[in-house]
Amino acid sequence: MNAFDNMAFHLTAERFGEFFEALRQTFRLYAPTRFEKRGRFSDTDSIRYADIQTPDALEWREKSHFSPKEAVFPANQSLFQFVNDAWIEPATDDRPLLVFLRACDINGMDRLDTIFLENGGVRDPYYDRLRGNVHFALLECQQSFDTCFCVSMGTNATDNYEMALRIHEDGAADVLIRSDDLRQRIPAGAAASAFAPTFPTRDGSPVNVPPLDALTDAIRDDDFFDHPLWDDYSQRCIACGRCNFSCPTCSCFTTLDAAYDENPQFGERRRVWAGCHVDKFTDMAGGHQFRKQNGARMRFKTMHKIYDYQRRFGKQMCVGCGRCDDRCPEYISFSTCINTVSRTLKEGR
Ligand code: SF4
Ligand code: SF4
């Protein structure tokens, strides 16, 4: 604890701009921002994370289409370059990164931390290096969006942030500060505020997550493994992987060695996102392939998100952000899938 713990301020739009400018002297500001006409349909926008310079670039009214996980787990990352027997790691931007994100995504970062830093007792050095620079600025959600189910997943609230923000329509903001360093950047003369962030208490799309012991019983039963409920997804899912790539907690990747035609002794190793819905994800030597049917992939993802991870680490992997529901071009809803599994188990399969 220090003298500045939990100090809140009301910043007018002008002072909020000054605060951003002061933050930019030290931090890269990484926040959801709007890319006009870059959405999946013509005339629609894309909202995703990028470096921003001013408060008006921060899109706080709508949910971002993609998560902030690229801050610590880039979609395509050069791990090292090699020439003959020598290798070199590319330089990284080591400036501190202040990430503006919602409570579900802070919990999503915790799920990634568990996988990359704790799983099997090994810390992933590439993740660790990026993660060490990250600081969290909580964006308050006063209520859930339509497809959110963070309350059902227990991930609607968090205490893991250095600063919290409530932004107002006129560009002003209430800011709760929890570190000396950030407090120094509040403009002189800023008014005190009684602000403390609230968290949503009702889901837009509530889910019933089946109890762990019911799922344990189910996976011992071939009837559940081959249940017709999964066939529906074989019909509808097109294996595009958008659900995986928009998810804040999907952490699968593949490793590629790219050598140059002119000199095959010269090249680089890359880490590239992969996803359990996508073709070739389970390909093995000899041409063997697990989970050829897209319904089997949906079953795998579902059980991983609401069962395997929880059994291993004692917390749900899915944080209920609802992005997979928002992004699926086939309108496949993961929250509906969880409820269908729940109902199926209750009805005795
Ligand atoms: S599975 Fe869907 S709802 Fe759950 S964290 Fe991933 S994107 Fe969000
Ligand atoms: S986004 Fe939808 S269609 Fe694409 S892989 Fe995921 S469930 Fe299948």
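Owing to the predicted nature of the structure, the values given are computational and were not obtained by experimental measurement.

A short note on the sheet that holds strand β6 (residues 97–101)
Reading across the sheet, the eight strands line up as β3-β2-β6-β7-β8-β9-β1-β10 and stay open at both edges, with mixed pairing between neighbours. Edge positions in the open sheet fall to β3 (46–52) and β10 (191–192), since each of these has one partner strand only. Here strand β8 (residues 163–167) runs beside strand β9 (residues 173–177); their pairing, made up of five bridges, is antiparallel. Counted as the bridge partner of Met163 is Ile177 from β9.

What to know about the pattern of salt bridges
Under the counting rule described, the total for this entry stands at 25 salt bridges. Note that Arg28 is salt-bridged to Asp93, the shortest N-O span being 3.9 Å. Linking Arg28 in strand β2 (residues 28–35) with Asp93 in the loop between β5 (86–88) and β6, this pair joins segments that are 65 residues apart in sequence. When its relative accessible area of 19% is taken as the criterion, Arg28 is described as buried. By relative accessible area, which is 34% here, Asp93 ends up partly exposed. Note that Lys37 and Asp43 form a salt bridge whose closest N and O atoms lie 3.4 Å from each other.

Overview of the side chain of Ser144
Along the polypeptide, Ser144 turns up in the loop between β7 (134–139) and α4 (150–153). Polar contacts involving the side chain of Ser144 include one to the main-chain carbonyl oxygen of Arg202, which spans 2.7 Å. Non-local contacts of Ser144, meaning those with residues more than four positions away in its chain, are made with Pro200, Arg202, Asp203 and Gly204.

Side note on the domain arrangement of the protein chain
The domain boundaries assigned to the protein chain delineate domain 1 (7–72 + 88–192) and domain 2 (212–346). The C-alpha-based centres of domain 1 and domain 2 are spaced at 27 Å. Facing 30 residues of domain 1, the contacting portion of domain 2 comprises 33 residues. Interface area for domain 1 against domain 2, summed over the two sides, is near 2700 Å², with a carbon-plus-sulfur share of 56%. The tally of links between domain 1 and domain 2 comes to four salt bridges. A salt bridge links Asp110 to Lys315, with the nearest nitrogen and oxygen atoms 3.0 Å apart. Our enumeration of links across domain 1 and domain 2 arrives at 18 residue pairs in polar contact (both at pLDDT 80 or more). Of all the secondary structure elements, the ones that give two or more residues to the side of domain 1 that touches domain 2 are α2 (103–118), α3 (125–131) and α4. Here the side of domain 1 that touches domain 2 gets ten residues from one element, more than from any other, and that element is α2. Tallied by class, residues from the side of domain 1 that touches domain 2 come to twelve nonpolar, ten polar and eight charged.

A look at helix α1 (residues 13–24)
Relative to the 16 Å expected for twelve residues at 1.5 Å per residue, α1 spans 17 Å between its end C-alpha atoms, a close match to the ideal helical length. Among all positions in α1, only Phe16, Phe19, Phe20 and Leu23 are buried. On an axial view of α1, the arc spanned by its buried residues comes to 100°, and they lie on one face.

Brief notes about unusual backbone geometry
For Asp43, which is not a glycine, the phi torsion comes out positive at approximately 70°. On the secondary structure map, Asp43 appears in the loop between β2 and β3.

What counts as what
Residues numbered from 1 in each chain as written. Chains lettered and ligands numbered in written order. Predicted model: local features only at pLDDT ≥ 70, side-chain atom pairs only at ≥ 80, totals over all residues. Heavy atoms only, no water. Pairing = 2+ DSSP bridges. Helix = DSSP H or I, 4+ residues; strand = E, 2+ residues; numbered from the N terminus. Salt bridge = Lys/Arg side-chain N within 4 Å of Asp/Glu carboxyl O. Buried < 20%, exposed > 50% of the residue type's maximum accessible area, 1.4 Å probe, protein only. Polar contact = N/O pair within 3.5 Å; in protein donor to acceptor, adjacent residues only side chain to side chain. Contact = heavy atoms within 4.5 Å. Domains from an automatic or database assignment. Buried area = accessible area lost by both parts, 1.4 Å probe. Nonpolar A, V, L, I, M, F, W, Y, C, P; charged D, E, K, R; others polar. Expected span 1.5 Å × (residues − 1). Arc of directions from axis to C-beta.

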